[in-house]
Amino acid sequence: SVTRLNRPLPGRLVRHSRSVTSTFLDDHMAAAVEKKEQKLAMNKAEPEPPTKFVVQMALCACVNSALLGYDTGVLSGALLYLREEMNLSTTQIELLTSSMNFIAIPGCFMAGAITGLISRRK
């Protein structure tokens, strides 16, 4: 029972083992405090302004969203007449509407190759 009393508890120091244990814990605590201070300093740091490339990509995303919304609006007006003229069911209309997004996927892959062929100097 004497050895049990002399063993240091987690986070606690025993006087006779101060030289080894306290140095280790002090170093460990100092490193933890320094990390925490660095995180706080990073959170308070002034954010960098966006670069020209980031602004251009954001504008492209905005234009893409606007065009997709416009296409959806045009299609919703056309669906009123398509339902009557072609006798489309609700499932067929849903597939037609959702196919706009699926048709855009190959266009994304082809756009890079097409712009590369058109815009590059030979």
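Predicted model only: the values in this text are computed from it and were never measured.

S.K.: What am I meant to see in the overall build of the protein here?
M.R.: Scanning the protein from N- to C-terminus turns up 4 helices and 0 strands. Across the 122 residues of the protein, 6% fall into the buried class. For the protein, the exposed area adds up to about 11,500 Å²; of that, 64% sits on carbon and sulfur atoms.

S.K.: Would you mind showing me how to read helix H3 (residues 52-86) here?
M.R.: The α-helix advances 3.6 residues per turn, and as a result positions three or four apart in sequence lie on the same side. The end-to-end C-alpha distance of H3, which contains 35 residues, comes to 48 Å, matching closely the 51 Å that a straight helix rising 1.5 Å per residue would cover. Most pronounced at Leu79, the bend in H3 amounts to some 35°. Residue Asn87 follows H3 closely and has a positive phi angle near 50°.

S.K.: What am I meant to see in the confidence of the model for the protein here?
M.R.: The predicted coordinates should not be examined in detail at positions where pLDDT is low. Of all residues in the protein, 75% attain a pLDDT of 70 or more, and the chain-wide mean is 77. Here helix H1 (residues 2-6) is the element of the protein with the lowest mean pLDDT, 49, and H3 is the one with the highest, 89. This model gives residues 14-18 a pLDDT under 50, and the stretch forms 7 contacts once residues within four places in sequence are excluded.

S.K.: Would you take a moment to explain a nonpolar patch on the surface for this structure?
M.R.: Together, Met110, Ile114, Leu117 and Ile118 make up an exposed nonpolar region whose accessible area comes to about 470 Å². Tracing the backbone shows Ile118 in helix H4 (residues 90-119).

S.K.: How do you make sense of H4 when you look at a structure like this?
M.R.: For H4, built from 30 residues, the straight-helix expectation of 44 Å at 1.5 Å per residue is met to within 8% by its first-to-last C-alpha distance of 43 Å. By the largest-angle criterion, Ser99 marks the main kink of H4, which is about 35°.

Analysis parameters
Residues numbered from 1 in each chain as written. Predicted model: local features only at pLDDT ≥ 70, side-chain atom pairs only at ≥ 80, totals over all residues. Heavy atoms only, no water. Helix = DSSP H or I, 4+ residues; strand = E, 2+ residues; numbered from the N terminus. Buried < 20%, exposed > 50% of the residue type's maximum accessible area, 1.4 Å probe, protein only. Areas by Shrake-Rupley, 256 points an atom, 1.4 Å probe, with all protein chains shown as cover. Expected span 1.5 Å × (residues − 1). Bend = angle between axes of the 7 residues up to and from the residue. pLDDT = per-residue confidence, 0-100. Contact = heavy atoms within 4.5 Å. Patch = residues over 30% accessible without salt bridge, like charges linked within 9 Å, V, L, I, M, F, W, Y side chains within 5 Å. Salt bridge = Lys/Arg side-chain N within 4 Å of Asp/Glu carboxyl O.

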